[in-house]
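What the coordinates show
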Amino acid sequence: MSLLKAFLFSLLALVASNILLVIILYASFGQFDGVISMFTVGASSSLIHHLFCSMGHAIWLTIDRFAYHIVNDMLFSLFLDIIILVVPLIAAIVAGRVGEKRIHSFLGVFLTSIVSMIVSMILMFNHVSYQLVITSEFLGGGALFIVVGGSLFNGLIFGLLAFFTTKRK
């Protein structure tokens, strides 16, 4: 039961903090049409991407894009990359605080990472543009390896963070 609780709270924290921070980012840059278009029927894949795929991004590519956006003075994209780094951190801390055992917190975040990987792969197979958004590669260039390896690596990193933030043994 503790594993299920850690997983559900981790997934809920991932989704809630992701959508909240994305809406704040779009609104602060004056792109209210972007917020509204996320919730329309035609752009549901954009909403799904913003809700679930933050742990599907490989952390090494996120840091690389982070540096690229700093050098090229692309502030909006820089904050999107910061959201991709901060949201799994929030989910890991929530799972760590909610989990009754350390291993349950770790596995809850790891399962959240696997859910994010599966949603990212479904989006990548349905829309070619998300192959570039998530992995900066096309399917022939190793996008599946990047998503699978990156998601598992993110699950390990943030799972260990949840493991060490759990109060109980």
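Nothing here was measured: the structure is a model prediction, and the numbers come from that model.

Right, let's talk about the overall build of the chain for a bit. On a plain count of helices and strands, the chain comes out with eight helices and zero strands. Reading the chain from its N end, one meets helices and strands in the order α-α-α-α-α-α-α-α. By the compact-globule yardstick of 15 Å for 169 residues, the chain fits well, its C-alpha radius of gyration being 16 Å. For the C-alpha atoms alone, the extent of the chain along its principal axes is close to 45 × 35 × 35 Å. A buried classification covers 44% of the 169 residues belonging to the chain. For the chain, the share of sequence-separated contacts (at least 6 apart) that also reach a separation of at least 24 residues comes to 75%. Surface accessibility of the chain: about 8500 Å² in total, with carbon and sulfur atoms responsible for 76%. Separation of charge centres in the chain, based on 8 positive and 6 negative side chains, amounts to 27 Å.

So, on to helix α5 (residues 75-98). Side chains that are three or four residues apart share a direction in an α-helix, a result of its 3.6 residues per turn. The end-to-end C-alpha separation of α5 is 34 Å, in line with the 34 Å expected for 24 residues at 1.5 Å each. Of the positions making up α5, those classed as buried are Phe 76, Leu 78, Leu 80, Asp 81, Ile 83, Ile 84, Val 87, Pro 88, Ala 91, Ala 92, Ala 95 and Gly 96.

This part covers the pattern of salt bridges. Under the defined criterion, the tally for this structure stands at one salt bridge. The salt bridge involving Lys 5 is made with Glu 100; its shortest N-O contact spans 3.4 Å. Of the two residues, Lys 5 sits in helix α1 (residues 2-28) while Glu 100 sits in the loop between α5 and α6 (102-126), which places them 95 residues apart along the sequence. On the basis of relative accessibility, which here comes to 30%, the residue Lys 5 falls in the partly exposed class.

As a further point, take the nonpolar core. Formed by 21 residues in total, the largest nonpolar core has its most connected members in Leu 14, Tyr 26, Val 109 and Phe 158. The set of elements that each furnish at least two residues to this core consists of α1, α2 (32-38), α5 and α8 (143-165). Aside from chain neighbours lying at most four places away, what touches Tyr 26 is Gln 31, Phe 32, Gly 34, Val 35, Met 38, His 50 and Phe 76. Within the second largest apolar cluster, nine residues are counted, among which are Met 117, Tyr 130, Ala 143 and Val 147.

Positionally, Asp 81 belongs in helix α5. For Asp 81, a relative accessible area of 5% corresponds to the buried category. Considering only alpha carbons, one finds Asp 81 and Ala 143, 62 residues apart in sequence, at a separation of 18 Å. Excluding anything up to four places from it in sequence, Asp 81 contacts Thr 62, Arg 65, Phe 66 and His 69.

Next up on the list: the packing of helix α3 (residues 44-52) against α6. Interaxial distance between α3 and α6 falls to 10 Å at its minimum, and their mutual angle equals 155 degrees. Our classification of the angle between α3 and α6 gives roughly antiparallel. Seen along the crossing, α3 lies across α6 with a hand that is left-handed. Residues Ser 45, Ile 48, His 49 and Phe 52 of α3 lie in contact with α6, whose contacting residues are Ser 116, Val 119 and Leu 123. Split by residue class, the contact of α3 with α6 holds four nonpolar, three polar and no charged.

Rules behind the numbers
- Residues numbered from 1 in each chain as written.
- Predicted model: local features only at pLDDT ≥ 70, side-chain atom pairs only at ≥ 80, totals over all residues.
- Heavy atoms only, no water.
- Helix = DSSP H or I, 4+ residues; strand = E, 2+ residues; numbered from the N terminus.
- Rg over C-alpha atoms; globule rule 2.2 N^0.38 Å.
- Buried < 20%, exposed > 50% of the residue type's maximum accessible area, 1.4 Å probe, protein only.
- Contact = heavy atoms within 4.5 Å.
- Areas by Shrake-Rupley, 256 points an atom, 1.4 Å probe, with all protein chains shown as cover.
- Lys, Arg positive; Asp, Glu negative; His and termini not counted.
- Charge placed at Lys NZ, Arg CZ, Asp CG, Glu CD.
- Expected span 1.5 Å × (residues − 1).
- Salt bridge = Lys/Arg side-chain N within 4 Å of Asp/Glu carboxyl O.
- Core = buried A, V, L, I, M, F, W, Y, C linked by side-chain atoms within 4.5 Å.
- Axes fitted to C-alpha atoms, helices over the stretch in contact; angles between N-to-C directions.
- Parallel < 35°, antiparallel > 145°, perpendicular 65-115°, else oblique.
- Left-handed = near helix turned anticlockwise from the far one by under 90°.
- Nonpolar A, V, L, I, M, F, W, Y, C, P; charged D, E, K, R; others polar.

On their own, these measurements won't tell you what the molecule is for.
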